[in-house]
Amino acid sequence: MGNRITIDPITRIEGHLRIEVEVEGGKVKDAWSSGQMFRGIEIILQGRDPRDAQHFVQRSCGVCTYTHALASVRAVEAAVNVTIPPNARLIRNLLHGAQFQHDHLVHFYHLHALDWVDIVSALKADPAKTAALADNVSNASVGGTAYYKSVQQRLQTFVDSGQLGPFSNAYWGHPAYKLPAEANLMAAAHYIEALKLQARTARMHAVFGAKNPHLQSLVVGGVTCVKDLTPDRIAEFLYLWKETQEFVNNVYVPDLLAVASFYKDWGGIGGTTNFLAYGDLPASEKEPESLYMPRGVVFKRDLAKVGDVNQEKITESVIHSWYEEGSPKHPYKGETKPKHGDYNTAGKYSWLKAPRYEGESCEVGPLARVLVAYGKGHPEIKKLVDDTVKKLDIPVTALFSTLGRTAARALETVAIGNAMEGWVNELVTNIKNGDTKTYTAWQMPEKGMGYGLNDVARGALGHWIEIENKKIKNYQYVVPSTWNLGPRCEKGKKGPVEEALIGTPIADPQKPLEVLRTVHSFDPCIACAVHVIDPQSNQVYKIRVV
Amino acid sequence: MEKEKEFYDRLEQRGVSRRDFMKYCTFLTATMGLSSSFVPKVAEVFAAPKQRPPVVWLHFGECTGCSEALLRTRYPYIDDLVLEVLSIEYHETIMAAAGHQAEEQLHSAIKKYEGKFICVVEGAVATKFDGAYGKIGGKTFLQIAKDVCPKAAAVIAIGTCASYGGVQAASPNPGGYKGVGEAIGIKTLNIPGCPPNPVNFVGTVVNYLLLGKLPDLDNLGRPMFAYGQTIHDQCPRRSHFENNEFVLEFGSKEAQMGYCLYKMGCRGPETYNNCPLVKFNDGTSWPVEAGHPCLGCSEPNFWDKMSPFYQEM
């Protein structure tokens, strides 16, 4: 029996997550992932107007905001059988693309970088050498000795103030940090640049979506931002897009390559076995054929065989989750009877359920999408992947890892960001030709069922709705972090993050930095993964009579 | 003087012109309802306070949208706010420490700054089964709130969840979620909104740093400067309302002409907030401008009171 290490709270994520690992001989031997909060949004939805669902479910997450609203309106559109006009599809794609750009940038620099970058070490760097290094690896528009000197001075003033704020008490000086001081200073400077940039990147959402977080321009049938389809608004969007994409190409990707070159051993740590992608970003109403990021499933890392996805094969298991016993069920039949109890890794230990595809635990997210696209021969993704592994001098199989997951996130940001330009052009062409249609009228049926599948920054997202008497009878969603961070299922198969942690080297059990690296590489989003119902008040909401 | 010059040099280096910065200070001063003579003093607050006021930011039942909203603030950009204006002692979304080191950081900050720190709460508190539905480090949200909030100089509830319970408190409220003030029986300054405009948070903090006190509040604990008037009273589409010019279907000619959204379910007349004036994301837009009715997201219990959202009030 090895030592148990508990990390609670896992910080630099969304939501409340507890990770426990058992360490033996300096390596992780076993791992448990536990969601620590329960909110109840699915039961809250029962009996409400299906059109309202998007606003409730969007509040599942304010980080990957928008994605649930999109999945929800798609599910309702399927249930009421309405096809949206091309302009609405393009605007939704643009908002979705902007979400990828924003989410991945923030994840790399603000939620993940401090696992690889020692901020304190940056104080010892020589600014002139940092400038030379930065010139060598990146095409950042800011740089030079004076710039790095001023950043270092700013950090020094901050440290000298004695108020270290968010940088207090971390794992600084840990032996697993490998970057030279100069690279740490470069990364620290870009951390600050990215903080500023993300505020502008998020403005893309406000242009066609009113605000960020929690956009407010989607409706079942289309979008409402018809008055924003003007040359100045489109130019504003394009300007923000261009500024972001330049940063992605000139700073984010070069930083990723620079940092990764010091951590190549992480190409053999943190891998999983099966991968699932719903795909997204449709070029027409024909799905899945027209999706820019393709749909598919990969079992046992076999990229030569990318299987089709059938949503009927999805089930959720609750045997190790704080719910009453029941057999694994498809979301349409999903039932959730919470039973809060003790934390017991041999029994129940999480509020998250355990989703399975054909009974298998699957990783979802950037790596799954990139692997499916690569396996299917997607030209842009294939080129990006091949160039990257060549530059890093690693085999393609090194992608099945924490390093691969982090690299895939950057690569798809490039690809999706580039595709956005085409959607803007298409939108402009339509408007030029007099097509300003953004909405298709529809009628609420007495009954209906539908689902909406998305692939969002964190992975495969599905919403399922059943309508009866024009109200929501049942609403279930299975989200990326439930797939990635869920517990074991009734067959004892581990969830992806539990699987990925096995074998991770631990230099200092008091400071399990290496565990954070793999957990953060999944970009956990836990509030969204726990959203289920309460048994003791299992009553249906009474609609307000106006 | 020297300090001021240094400050403007620093700003310019970060791509913010002095002119833009003063424009923002004027805007913020006006938003806060102060006379223009306060503009230079507001600018001073951002320049360089000697001891940055410590902030402990707690996350309970929420989606992190309020933190995200604050990350989109401009002048000060969030890096200035974090590195130069405030001292964020604990904030789970951005802090480097994790696990027991994070917990230590929370406890040492509370001890060191007892009675002096600003406690910002994001998210609602689960109360059913003694708070069993939400835990951090094995302690319930309820225990943590009871332990930390009374030791603060002031408790700011950011967002509708911390203020009034928010989405998880919507009927039938499965987890027994409540706003933090109600859950532990204290008075909080509330900055509701889903999410709130970061300008309203920054305005509140600047007010505190500038005048040494919190701004005037209405009977729901909201700063009057931000929540003193209804959306409807400030709405640029108001003349269409007066002229009986309404949108009756999305995508219609009337929608293209920017008519009033009242009949599509707009809750502007019942909602107190400064959205039409301040707008979101550096003044880019707000829901009515994007053609979507207001949901009333800064009002207590709006998820039940204002829904179904697409039905005329």
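On a predicted model such as this, the values are computed, not experimentally measured, just so you know. (Residues numbered from 1 in each chain as written. Chains lettered and ligands numbered in written order. Predicted model: local features only at pLDDT ≥ 70, side-chain atom pairs only at ≥ 80, totals over all residues. Heavy atoms only, no water.)

1. A word on the overall build of chain A
For step 1, the next point in the chain: When helices and strands are tallied, chain A shows 15 helices and 14 strands.
For step 2, the next point in the chain: Compactness check: chain A gives a C-alpha radius of gyration of 23 Å against a globular reference of 24 Å for 546 residues, within 12% of the reference.
For step 3, the next point in the chain: Per-residue burial over chain A gives 68% buried out of 546 residues.
For step 4, the next point in the chain: Residue pairs at least 24 apart in sequence account for 75% of intrachain contacts in chain A once pairs closer than 6 positions are excluded.
For step 5, the next point in the chain: Carbon together with sulfur atoms contributes 51% to the accessible area of chain A, which is approximately 17400 Å² in total.
For step 6, the next point in the chain: A gap of 2 Å separates the mean positions of the 61 positive and 59 negative side-chain charges of chain A. (Helix = DSSP H or I, 4+ residues; strand = E, 2+ residues; numbered from the N terminus. Rg over C-alpha atoms; globule rule 2.2 N^0.38 Å. Buried < 20%, exposed > 50% of the residue type's maximum accessible area, 1.4 Å probe, protein only. Contact = heavy atoms within 4.5 Å. Areas by Shrake-Rupley, 256 points an atom, 1.4 Å probe, with all protein chains shown as cover. Lys, Arg positive; Asp, Glu negative; His and termini not counted. Charge placed at Lys NZ, Arg CZ, Asp CG, Glu CD.)

2. Notes on the overall build of chain B
For step 1, the next point in the chain: In terms of helices and strands, chain B carries 16 helices and nine strands.
For step 2, the next point in the chain: Taken over the C-alpha trace, chain B has a radius of gyration of 20 Å; the compact-globule value for 313 residues is 20 Å, and the two agree within 12%.
For step 3, the next point in the chain: Each of the three principal axes of chain B carries a C-alpha extent, and together these read 60 × 55 × 30 Å.
For step 4, the next point in the chain: Contacts in chain B between residues at least 24 apart in sequence constitute 72% of all its contacts with a sequence separation of at least 6.

3. Examining the sheet that holds strand 12 (residues 447–456) of chain A
Neighbouring strands of a sheet are bound in pairs by backbone hydrogen bonds; such pairs are parallel or else antiparallel.
All names here are of chain A.
For step 1, the next point in the chain: Strand order in the open sheet made by the three strands is 12-13-14, with antiparallel pairing throughout. Looking at strand neighbours, the two that pair on one side only are strand 12 and strand 14 (471–478), the edges of this open sheet. The average angle at which neighbouring strand axes cross in this sheet is 15 degrees, direction not considered.
For step 2, the next point in the chain: Bridge analysis of strand 13 (residues 459–468) against strand 14 gives seven bridges, and the strand direction is antiparallel. By the bridge assignment, Gly-462 is partnered in strand 14 with Val-478. (Pairing = 2+ DSSP bridges. Axes fitted to C-alpha atoms, helices over the stretch in contact; angles between N-to-C directions.)

4. Concerning the interface of chain B and chain A
Often, the extent of an interface is quoted as the loss of accessible area upon association of its parts.
For step 1, the next point in the chain: Chain B puts 98 residues into the contact, and the matching count from chain A is 94 residues.
For step 2, the next point in the chain: In this structure, the connection of chain B to chain A is made through six salt bridges.
For step 3, the next point in the chain: Here A:Lys196 makes a salt bridge to B:Asp79, at a shortest N to O gap of 3.0 Å.
For step 4, the next point in the chain: Our enumeration of links across chain B and chain A arrives at 50 residue pairs in polar contact (both at pLDDT 80 or more).
For step 5, the next point in the chain: At the level of elements, helix 4 (65–71), helix 5 (78–85), strand 2 (87–90), helix 6 (99–112), strand 5 (135–136), helix 14 (253–256) and helix 16 (302–305) of chain B are the ones that each hand at least two residues to the side of chain B that touches chain A.
For step 6, the next point in the chain: The element contributing the most residues to the side of chain B that touches chain A is helix 6 of chain B, with eight residues.
For step 7, the next point in the chain: Here the side of chain B that touches chain A is built from residues that sort into 45 nonpolar, 29 polar and 24 charged. (Salt bridge = Lys/Arg side-chain N within 4 Å of Asp/Glu carboxyl O. Polar contact = N/O pair within 3.5 Å; in protein donor to acceptor, adjacent residues only side chain to side chain. Nonpolar A, V, L, I, M, F, W, Y, C, P; charged D, E, K, R; others polar.)

5. Remarks on the side chain of A:Thr11
For step 1, the next point in the chain: Of note, A:Thr11 is situated in the loop between strand 1 (3–7) and strand 2 (17–24).
For step 2, the next point in the chain: Here B:Ala97 takes part through its backbone oxygen, which lies 2.6 Å from a polar atom of the side chain of A:Thr11.
For step 3, the next point in the chain: The residues contacting A:Thr11, other than those within four sequence positions of it, are A:His520, B:Glu92, B:Met95, B:Ala96, B:Ala97, B:Ala98 and B:Ala102.

6. What about unusual backbone geometry?
For step 1, the next point in the chain: Residue B:Pro172 is reached from B:Ser171 by a cis peptide bond, and omega for that bond is 5 degrees.
For step 2, the next point in the chain: With respect to the element layout, B:Pro172 can be found in the loop between helix 8 (159–164) and strand 8 (177–178).
For step 3, the next point in the chain: With an omega of 0 degrees, the peptide bond running from B:Cys194 to B:Pro195 counts as cis.
For step 4, the next point in the chain: Examined against the element boundaries, B:Pro195 turns out to sit in the loop between strand 9 (189–191) and helix 10 (198–211).
For step 5, the next point in the chain: In this model, A:Asp523 sits at a positive phi of 55 degrees, which is unusual for a non-glycine residue.
For step 6, the next point in the chain: With respect to the secondary-structure elements, A:Asp523 resides in the loop between helix 14 (513–521) and helix 15 (526–529).
For step 7, the next point in the chain: A relative accessible area of 1% places A:Asp523 in the buried class.

7. Observations regarding the sheet that holds strand 1 (residues 54–59) of chain B
All names here are of chain B.
For step 1, the next point in the chain: Judged by pairing direction, the sheet is parallel, and its five strands sit side by side in the order 2-1-3-7-9 without closing on themselves. If you trace the sheet from one side to the other, it starts and ends with strand 2 and strand 9, each paired once. Within this sheet the neighbouring strands show an average axis-to-axis angle of 25 degrees, counted without direction.
For step 2, the next point in the chain: Sheet topology note: the strand 1/strand 3 (residues 118–122) ladder contains five bridges and is parallel. In the sheet register, Val-56 faces strand 3, and the bridge partner there is Cys-119.
For step 3, the next point in the chain: Contacts from helix 10 reach strand 1, strand 3, strand 7 (154–158) and strand 9, with the element oriented near 150 degrees to strand 9.

8. Observations concerning helix 10 (residues 379–392) of chain A
Residue and element names in this part refer to chain A.
For step 1, the next point in the chain: Here helix 10 contains 14 residues, and its C-alpha end-to-end distance of 20 Å stays within 8% of the 20 Å for a straight helix at 1.5 Å per residue.
For step 2, the next point in the chain: Among all positions in helix 10, only Ile-381, Leu-384, Val-385, Thr-388, Val-389 and Leu-392 are buried. Looking straight down helix 10, one finds that the buried residues subtend no more than 120 degrees of arc, so they occupy a single side. Opposite the buried face of helix 10, by more than 90 degrees, sit the exposed residues Pro-379, Lys-383, Lys-390 and Lys-391. (Expected span 1.5 Å × (residues − 1). Arc of directions from axis to C-beta.)

9. Observations regarding the confidence of the model for chain A
For step 1, the next point in the chain: When pLDDT is averaged along chain A, the result is 94; 97% of the residues meet or exceed 70.
For step 2, the next point in the chain: Across residues 532–546 of chain A the pLDDT falls below 50, and counting only partners more than four positions away or on other chains, this stretch makes 51 contacts in the model. (pLDDT = per-residue confidence, 0-100.)

10. Observations concerning the environment of A:Val159
All names here are of chain A.
For step 1, the next point in the chain: With respect to the secondary-structure elements, Val-159 resides in helix 6 (residues 145–160).
For step 2, the next point in the chain: Put simply, Val-159 and Val-120 are 39 residues apart on the chain and 8.9 Å apart in space, counted from C-alpha to C-alpha.
For step 3, the next point in the chain: Non-local contacts of Val-159, meaning those with residues more than four positions away in its chain, are made with Leu-123 and Leu-164.

11. A look at the side chain of A:Thr130
Residue and element names in this part refer to chain A.
For step 1, the next point in the chain: Following the sequence through the fold, Thr-130 ends up in helix 5 (residues 127–137).
For step 2, the next point in the chain: What makes Thr-130 buried here is its relative accessible area of 0%.
For step 3, the next point in the chain: Those residues within four positions of Thr-130 in sequence are excluded, and the remaining contacts are Ala-125, Tyr-148, Glu-182, Leu-185 and Met-186.

12. Comments concerning the nonpolar core
For step 1, the next point in the chain: Ranked by size, the top nonpolar core spans 241 residues in total, and within it A:Phe208 and B:Phe46 carry the most contacts.
For step 2, the next point in the chain: Not counting residues within four places of it along the chain, the set of residues in contact with A:Phe208 comprises A:Ile91, A:Leu94, A:Leu95, A:Ser217, A:Cys225, A:Asp228, A:Leu229, A:Ile234 and A:Phe237.
For step 3, the next point in the chain: Among the nonpolar cores identified, the runner-up in size contains 42 residues, and B:Ala102, B:Tyr133, B:Val148 and B:Cys161 belong to it. (Core = buried A, V, L, I, M, F, W, Y, C linked by side-chain atoms within 4.5 Å.)

13. Topic: the packing of helix 7 (residues 181–209) of chain A against helix 8 (residues 231–262) of chain A
Residue and element names in this part refer to chain A.
For step 1, the next point in the chain: Orientation of helix 7 relative to helix 8, taken along the N-to-C sense of each, is 150 degrees, at an axis distance of 9 Å. Looking at the two axes, helix 7 sits roughly antiparallel to helix 8. Remark: the crossing between helix 7 and helix 8 carries left-handed chirality. Across from Met-186, His-190, Glu-193, Ala-194, Leu-197, Arg-200, Thr-201, Arg-203, Met-204, Val-207 and Phe-208 in helix 7, the residues of helix 8 making contact are Arg-233, Ile-234, Glu-236, Phe-237, Leu-240, Trp-241, Glu-243, Thr-244, Phe-247, Val-251, Asp-255 and Ala-258.
For step 2, the next point in the chain: Each residue belonging to the contact of helix 7 with helix 8 can be placed in one class, and the counts come to 13 nonpolar, three polar and seven charged. (Parallel < 35°, antiparallel > 145°, perpendicular 65-115°, else oblique. Left-handed = near helix turned anticlockwise from the far one by under 90°.)

14. Observations regarding helix 14 of chain A
All names here are of chain A.
For step 1, the next point in the chain: In terms of burial, helix 14 is a largely internal element, nine of the nine residues being buried.
For step 2, the next point in the chain: By the burial criterion, the buried members of helix 14 are Leu-513, Glu-514, Val-515, Leu-516, Arg-517, Thr-518, Val-519, His-520 and Ser-521.
For step 3, the next point in the chain: In this fold, the buried residues of helix 14 make contact with strand 1, strand 2, strand 3 (27–35), helix 4 (86–112), helix 11 (402–432) and helix 13 (496–501).
For step 4, the next point in the chain: Of the residues one or two after helix 14, Asp-523 is the one with positive phi, at around 55 degrees.

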